Amino acid sequence: MSNVIEVRNLSKQYRIGGVKARNETFREFLATALKRPLRSFSSSKNYAHDQYFWALREINFDVAEGEVVGIVGRNGAGKSTLLKIISRITDPTDGYIKVRGRLASLLEVGTGFHPELTGRENIFLNGAILGMSRAEILSKFDEIVGFSEIEQFLDTPVKRYSSGMYIRLAFSVAAHLNPEILVVDEVLAVGDMAFQKKCLGKMNDVSRSGRTVLFVSHNISAIEHLCQRGIVLLQGKLAFSGTAKDAVQYYAHRAMGGAEDGASGNYVDLSQAAGRWAQSRPLLRRLEFCPEDGKSLKAGVRIGAPLTIRVHFTLPAPTSSFDIGLGFENLLGQRVFTAHSAFEPIRGHNEIAGPQVFVCEIPSLTLVPGEYVLRVWMDIGQVEVDKIDNAARFQVIPSDYYGTGKSPWNGIFVLKHHWYLADPEENSAVAPEALPAIEPPLG
Amino acid sequence: MATIELVIKPRKGWQPFGFREAFLYRELLAFLIWRDIKIRYRQTLLGGLWSILQPLAGTLIFVLVFNRWAGIHSDGPPYSLFAFVGLAPWTFFSNSVSNSSNSLITSQQLVSRVYFPRIFIPLGTIGALLLDLTLSLSVLGCLMIYYHWALSAKVLLLPIFIVGTVMAAAGVGFAFSALNVLFRDIKYMVPFLLQMGMFVTPVIYPVRYIPLRWQTLFGLNPMSGMVLGFRYCLLGSPVYWPLILTSLLMCLIFFFAGLMLFRRIERFFADVI
């Protein structure tokens, strides 16, 4: 397979403060233009003292024909800048991209929609703006209208549409683009649940149709589901490139939180934690993990093994009304379990201001293998006063939980359950719904 | 379909005009013109009538103020015909410049979200105004019948002056729309400049008010020659050819200078707008 996109040493620099920093005012611009005619628009060399910021720095990657590549990264990692350069909206500062084939990009749905025009008119206008020819739009018109489910309102100006109708129409036009290379930026999170499902289905068709797709999303489960390859951007640099599954893992592990630096051994120092919100001053100080047999947390927690988490915090004033919460989230950002001290029926209270430790004992951690992010927060008088989103990260590793040598891998959690064949003499003594079942896999 | 290979790299300095690419995207230009025409008079009672009423009302005011009260006279034909023929190209020029100057900043969403030849944004607004020019020329036809003023074979030269007017309007529109992205000062400057421009263009007065030795210099304003050319072709007014030729040359210079400036600044649009 040949490469249809080649990205080489791609860099993009922005001047902080935009054009203002270059020519403070029009007056100043005129002055420079008069002093040095023709040089007023020239390169940035003359303004070396300005503040610069690299949105992208020396990015290199290739995309082969027919590949579906997902790009993940936090806000500001440079994803959108990369797509804007590939779509030719903005120029790179350095490096180049080679594109072979007709490329269409969707950085947003409904680009160029005009509120005064009717749905029908906007289909043509938007289609043309996205790069479709008139003949192409005409031949797909019925399909687009059918997909959008807005037949009755086709001749109503879109300014009278509900936001849902507007987005459905916009997505439908976009979904019927038929380029050789498609560049998509977060357009899936639109519409109601039913329509979202339809959109994902359409994306699925596209990704299976042998077309080359470059897809940026925050929705990492969508990336994992739709893409073969994944690229992780971290502060403008290419941090990882590999299979989509590995990229998502890497992203969740490296890019999301500051946890990996603080987690030395079984202690996590929270004093420098990133992603913290505190009402007045930080009160949560440290997390201490005590896995079974004094093992290291780095080795991972086996399915069903006990886990004790000691939360070190400072109580600012003597009170008995304080609580600690621990939220366990999987890589898809789903909260799989919440441990909260308010759930504890009998608890001793130490009404002394100052450093204290709240201990949470989990006798058996029945989560499926995978990586988990721990969110920790503290309430005083039922008001949240301190919270850290990515306080720690740990791995749950397979174990022989069911005693059969078979480790569970999908679903969200594990649950002890039993199977047996009913006695053929009895006619189903036990109703099937009485048995616990393992959740079906996600997505 | 042949595979298109495209290299995206930093652009520096002056750019080629990109006529080939513009040709590839020509359907989109048609759609943008069509959009502008469609939305211009949406939700108005009179609709397209407005494009006829504007020059008619202007002519009426000119006849009253300049002809009746100030005593300015035409160079032959009835003053109302004289004023109307001057107003038609000038209104087109003035609307084109003011609409196209703001066209990029009002299409911010398009500029920062999707790629197509940027030049189509100001060009589209000007293209849409050509319809108005056509309409006002047909109103002129009615006026000429009313005044029994006959057309001569000179009308065959009219396309030259229409093209010249479009080029001048486009050149100024390209330059102002691009500069407007960098400096919004342009937005406030344009109405004022256009007002001044009408007085240095022989719209309300005949060119004989200008001493002959200044007339060639007067032609440095491209619209002077275009207005005179319109009058020459439609009403048979006398002309001073050096003025006309200077203006025609200026139309070309304005157009290409505006295009070059636009192409030069274009690469900053998405970052700065």
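Keep in mind the model is a prediction, meaning the values are calculated, not measured. All residue numbers refer to positions counted from 1 along the written sequence of the respective chain. Whichever chain is written first becomes A and whichever ligand is written first becomes 1, with later ones labelled in order. Restriction of local features to residues with pLDDT of at least 70 applies here, the model being predicted, together with a cutoff of 80 or more for giving and counting side-chain atom pairs; totals for whole chains, interfaces and linings are based on all residues.

**Quick word on the overall build of chain A**
- Numbering of helices and strands runs from the N terminus, with a helix taken as a DSSP run of H or I at least four residues long and a strand as a DSSP run of E at least two residues long. Across its full length, chain A carries 9 helices and 20 strands.
- As a rule, residues whose C-beta atom has 12 or fewer other C-beta atoms within 10 Å are exposed, those with 20 or more are buried, and those in between are partly exposed; C-beta atoms are placed from the backbone. In chain A, buried positions account for 35% of the 443 residues.
- Throughout, a pair of residues is in contact if the C-beta atoms placed from their backbones lie within 7 Å. Considering only contacts within chain A whose residues lie at least 6 apart along the sequence, 68% involve residues at least 24 apart.

**A closer look at the overall build of chain B**
- For chain B, the helix and strand inventory stands at 12 helices and 1 strand.
- Start at the N end of chain B and walk to the C end: the helices and strands fall as β-α-α-α-α-α-α-α-α-α-α-α-α.
- Based on the C-alpha atoms only, the size of chain B along its principal axes is roughly 60 × 45 × 40 Å.
- Within chain B, the proportion of its 273 residues that are buried is 44%.
- In chain B, the proportion of contacts linking residues at least 24 apart, taken out of those at least 6 apart, comes to 82%.

**Comments concerning the confidence of the model for chain A**
All names here are of chain A.
- The predicted model of chain A has a mean per-residue pLDDT of 80, with 81% of residues at 70 or higher.
- The predictor attaches a confidence to each residue, called pLDDT, with possible values from 0 through 100. Low pLDDT, under 50, characterises residues 18-22; the predicted model gives this stretch 9 contacts beyond four residues in sequence or across chains.
- Long-range and interchain partners of residues 42-48, a stretch whose pLDDT sits below 50, account for 2 contacts in this model, where long-range means more than four residues apart.

**Here we look at the sheet that holds strand E4 (residues 94-100) of chain A**
- Any two strands are treated as partners once DSSP identifies two or more bridges connecting them. If you walk across this open sheet you meet the 4 strands as E2(A)-E1(A)-E4(A)-E1(B), and the pairing is antiparallel. Each edge of the open sheet carries a strand with a single partner, namely strand E2 (52-64) of chain A together with strand E1 (5-8) of chain B. Mean inter-strand twist for the sheet, computed between neighbouring axes without regard to direction, equals 15°.
- Two strands pair when backbone bridges link them, and strand E1 (residues 3-15) of chain A and E4(A) are joined in this way by 5 bridges, in the antiparallel orientation. Bridge pairing links A:Ile5 to A:Val99 in E4(A).
- Packing of helix H2 (residues 79-86) of chain A onto the sheet brings it into contact with E1, E2 and E4 of chain A together with E1 of chain B, and relative to E2(A) it is tilted by some 65°. Inter-axis angles, ranging from 0 to 180 degrees, are taken between N-to-C directions of lines fitted to C-alpha atoms, where helices are fitted over the stretch in contact.

**Considerations on the interface of chain B and chain A**
- Taken together, the contact between chain B and chain A spans 33 residues of the former and 39 residues of the latter.
- Put simply, the parts of the chain that give the side of chain B that touches chain A at least two residues each are E1, helix H2 (26-40), helix H5 (108-113), helix H11 (241-265) and helix H12 (269-272) of chain B.
- No other element matches H2(B), which puts 6 residues into the side of chain B that touches chain A.
- The classification used treats Ala, Val, Leu, Ile, Met, Phe, Trp, Tyr, Cys and Pro as nonpolar, Asp, Glu, Lys and Arg as charged, and all other residues, Gly among them, as polar. Taken together, the residues of the side of chain B that touches chain A break down into 17 nonpolar, 3 polar and 13 charged.
- Sheet topology note: the E4(A)/E1(B) ladder contains 4 bridges and is antiparallel.

**Some words on the nonpolar core**
- A:Phe215 and B:Ala168 are the most contacted members of the largest nonpolar core, which totals 143 residues.
- Of the residues forming this core, the biggest block, 13 residues, is contributed by helix H7 (residues 158-182) of chain B.
- For our purposes the nonpolar core covers buried Ala, Val, Leu, Ile, Met, Phe, Trp, Tyr and Cys residues that link as a set through C-beta atoms within 7 Å. Counting 33 residues, the second-largest nonpolar core is a separate cluster that includes A:Ile309, A:Phe328, A:Tyr372 and A:Ala391.

**Looking at helix H6 (residues 120-146) of chain B**
- Helix length check: H6(B), at 27 residues, gives a terminal C-alpha distance of 39 Å against a target of 39 Å (1.5 Å per residue), a fit within 8%.
- Backbone geometry just after H6(B) places B:His148 at a positive phi near 55°. Given the number of residues in a helix, its expected span is that number minus one, multiplied by 1.5 Å.

**Observations regarding the environment of B:Phe23**
Residues and elements named next belong to chain B.
- Mapping Phe23 onto the fold places it in helix H1 (residues 19-24).
- Residue Phe23 is classed as exposed on the basis of its C-beta count, with 10 C-beta atoms lying within 10 Å.
- Along the backbone, Phe23 and Pro117 are 94 residues apart, and their C-alpha atoms lie at a distance of 9.8 Å.

**Some words on the domain arrangement of chain A**
- The assigned domain composition of chain A is domain 1 (64-255) and domain 2 (266-397).
- Domains are outlined according to an automatic or database domain assignment. Using only C-alpha atoms to locate each centre, domain 1 of chain A and domain 2 of chain A end up separated by 39 Å.

**A few points about the packing of helix H10 (residues 222-235) of chain B against H11(B)**
Residues and elements named next belong to chain B.
- Viewed as axis vectors pointing N to C, H10 and H11 meet at an angle of 125°, and their least axial separation amounts to 7 Å. In terms of their interaxial angle, H10 and H11 are classed as oblique. Considering only the axes of H10 and H11, their crossing is left-handed. Facing Pro222, Ser224, Gly225, Met226, Leu228 and Gly229 of H10, the residues of H11 in contact are Leu243, Ile244, Thr246, Ser247, Leu248, Met250, Cys251 and Phe254.
- Its residues placed into classes, the contact of H10 with H11 shows 9 nonpolar, 5 polar and no charged. Oblique is the label for every angle not falling under 35 degrees (roughly parallel), over 145 degrees (roughly antiparallel), or within 65 to 115 degrees (roughly perpendicular). By definition, turning the near helix anticlockwise from the far helix through less than a right angle yields a left-handed crossing, and turning it clockwise yields a right-handed one.

**A look at the packing of H2(B) against H6(B)**
All names here are of chain B.
- Interaxial distance between H2 and H6 falls to 8 Å at its minimum, and their mutual angle equals 55°. Viewed along their axes, H2 and H6 adopt a mutual orientation that is oblique. Considering how the two elements wind past one another, H2 and H6 form a crossing that is right-handed. The segment H2 lies against H6, with Leu28, Leu29, Leu32, Ile33, Asp36, Ile37 and Arg40 engaging Phe120, Leu123, Gly124, Thr125, Gly127, Ala128 and Leu131.

**A short note on the sheet that holds strand E9 (residues 237-243) of chain A**
All names here are of chain A.
- Across the sheet, 6 strands lie side by side as E5-E6-E7-E3-E8-E9; this open sheet has mixed pairing. Looking at strand neighbours, the two that pair on one side only are strand E5 (103-106) and E9, the edges of this open sheet. Each adjacent strand pair in this sheet contributes to an overall mean axis angle of 15°, direction not counted.
- Two elements, strand E3 (residues 68-72) and strand E7 (residues 212-216), share 4 bridges in a ladder whose sense is parallel. Opposite Ile71, over in E7, you have Val216 as the bridge partner.
- Taken strand by strand, H2 contacts E3, E5, strand E6 (181-185), E7 and strand E8 (229-234), and its axis lies near 150° from that of E6.

**Focus: unusual backbone geometry**
- Despite not being glycine, A:Glu58 has its phi angle at roughly 45°, a positive value.
- Within the secondary structure layout, A:Glu58 lies in strand E2.

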